[in-house]
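# An overview of the molecular structure
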Amino acid sequence: MAKKDKDALRGEQGFNSYYENVFGERWSTLKEAFLKEAEPVPYCLDPSLRTYYLDSASILAAFSLPLKGAEDILDLCAAPGGKTLVLASLMDEGAKLTSNERSFERKMRLSKVCEEHIPQKIQENLTITCSDGALWCKTKSECFDRILLDAPCSSERHVLNDKKYLDMWSPARVKTLSMEQWALLSSAWRLLKKGGYLVYSTCALAPAENDMVVQRLFKKFDDARVLSLDDEQYKECRNDTGKIQLCSKNLVLPDTEKTEFGYHVLPDVNGGAGPIYFSVIRKTE
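An account of the accompanying structure is given in this report. For every chain, the first residue of its written sequence is number 1, and the numbers climb from 1 along that sequence. Only residues with pLDDT of 70 or above have their local features reported here, since the model is predicted, and side-chain atom pairs are shown and tallied only from 80 upward, although totals for entire chains, interfaces and linings are computed over all residues. The basis for every side-chain value is the complete set of heavy atoms in the structure, and neither hydrogens nor water enter the calculation.

## A look at the pattern of salt bridges
- We define a salt bridge as a contact between a side-chain nitrogen of Lys or Arg and a carboxyl oxygen of Asp or Glu at a distance within 4 Å. For the structure shown, the criterion picks out 14 salt bridges.
- For the salt bridge of glutamate 142 with lysine 194, the shortest nitrogen-to-oxygen distance reads 3.0 Å. You can see glutamate 142 sitting in the loop between β5 (126-129) and β6 (144-150) and its partner lysine 194 sitting in strand β7 (residues 192-202), a full 52 residues away along the chain.
- Summary of the burial criterion: residues with accessible area below 20% of their type's maximum are buried, those above 50% are exposed, and those between are partly exposed, where the area comes from a 1.4 Å probe applied to protein chains only. Judged by relative accessible area, glutamate 142 falls into the partly exposed class, the value being 32%.
- Through salt bridges with shared partners, a single ionic network connects Arg26, Glu257 and Asp268. Each helix is a run of DSSP H or I of at least 4 residues and each strand a run of E of at least 2, with the numbering of both proceeding from the N terminus.

Written out as structure tokens, the structure is:
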């Protein structure tokens, strides 16, 4: 490929071309929504503690992990900590939550967020760890009945708002991240108990980081089943919206758009919330 053609695939020009190919004419409205600052919503587990602010789409992704009856819960890529707070507010009394982050600096931020925003009684059932989740399956197996994997991703919203990262962008970034996401997802699947539930999520737009990663799971493991939010089995164990309303009064969860294996929350139709992709998956017994 000539240098001119390679350059056309990189930077702002390549970025726009790539996502226009994915979203067509909608890309212009999505991009416009990205360039506006998103309005975070308050989330507070206890009036005596500080209020945390996060995207309502992030709340929805964590909320989609059904926690009724769960005893051992894992947030595999937990920093900065917003989704851990949501899980902590939803889990049954006595349930144990492990929140992991591979980066030491981000793990320290995660620890601070948990210390400042989670009541002491719940903190007693919380363990914070710092290691690479993709390697956990080498020493552990089927030890969690619920797992949230909010995987590192392209985070196009941040790329678009930072000229440095926009100039550096290339399709190789998506490919590299999708490989990393698969390593994390395949590890998480081996950590999940039979009959357990896993939510895979990203804040990415690219199908290569979303549905295509989940699709690999179904090709690799015959005990994986994707669940619809309308599935009767899912409804039986889904979380009570009343619990999150206690933490975030007047919260309105964003609308979702169905994809082949999950759901997408996109900011152009949700008042700036998102993007968030999530897929709810059950390991059959």
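## Focus: the nonpolar core
- Think of a nonpolar core as a cluster: buried Ala, Val, Leu, Ile, Met, Phe, Trp, Tyr and Cys residues, connected wherever their side-chain atoms sit within 4.5 Å. Membership of the largest hydrophobic core comes to 44 residues, with the highest contact counts inside it found for Tyr43, Ile59, Ile73, Leu87 and Phe278.
- The element that contributes the greatest number of residues to this core is helix α4 (residues 56-63), accounting for 6 residues.
- Contacts: residue pairs with any heavy atoms within 4.5 Å of one another. Ignoring anything within four residues of it in the chain, the contact list for isoleucine 73 reads Leu67, Leu87, Met91, Ala95, Lys96, Leu97, Thr98, Phe144, Asp145 and Arg146.
- Listed in part, the 26 residues of the second largest apolar core include Ala134, Phe144, Leu185 and Ile281.

## So, helix α6 (residues 104-117)
- Here α6 contains 14 residues, and its C-alpha end-to-end distance of 20 Å stays within 8% of the 20 Å for a straight helix at 1.5 Å per residue.
- Turning to α6, its buried residues are Lys107, Leu110, Ser111, Val113, Cys114 and His117. When α6 is viewed along its axis, its buried side chains cluster within an angular range of 165° and face the same direction. Counted as exposed and oriented over 90 degrees from the buried face of α6: Glu105, Lys112 and Glu115.
- For α6, the elements touching its buried residues are β2 (52-54), α5 (82-90), β4 (96-100), α7 (120-123) and β5. Expected span of a helix, by definition, is 1.5 Å for each gap between consecutive residues, and there is one gap fewer than residues. In this context, the arc is that of the directions from the helix axis out to the C-beta atoms.

## Focus on the pairing of β4
- Of all 5 residues in β4, 4 are buried, a share of seventy percent or more.
- A pair of strands is labelled paired if DSSP reports no fewer than 2 bridges between them. Direction of pairing for strand β3 (residues 72-75) relative to β4: parallel, over a ladder of 4 bridges. In the sheet register, aspartate 72 faces β4, and the bridge partner there is lysine 96.
- As defined by bridge partners, β4 adjoins β5 across 4 bridges and the pair is classed as parallel. Across the sheet, threonine 98 pairs through a bridge with threonine 127, a residue of β5.

## Some remarks on the layout of surface pockets
- What the largest pocket holds in volume is close to 1200 Å³.
- Along the wall of the largest pocket there are 48 residues; nearest its centre are Ser58, Pro80, Ser155, His158 and Cys203.
- For the lining of the largest pocket, the secondary structure elements donating two or more residues are β2, α4, α5, α6, α8 (156-160) and α10 (171-191).
- Looking at the lining of the largest pocket residue by residue, the classes come out as 22 nonpolar, 12 polar and 14 charged.
- At the level of elements, α5 and α7 are the ones that each hand at least two residues to the lining of the second largest pocket.
- In the lining of the second largest pocket, the residues fall into 5 nonpolar, 3 polar and 3 charged. A cavity here means a set of points on a 1 Å grid, drawn over the protein atoms and nothing else, where a 1.4 Å probe fits but cannot get out; a pocket is an open set with protein on both sides within 12 Å along at least five of seven lines, and a residue lines either one if it has an atom within 4 Å of a point. Grid points are joined across faces, edges and corners, and a volume is the space filled by probe spheres set on the points. Side-chain classes are defined by residue name, with Ala, Val, Leu, Ile, Met, Phe, Trp, Tyr, Cys and Pro counting as nonpolar, Asp, Glu, Lys and Arg as charged, and the others, Gly among them, as polar.

Geometric descriptors of this kind do not, in isolation, establish any biological role.
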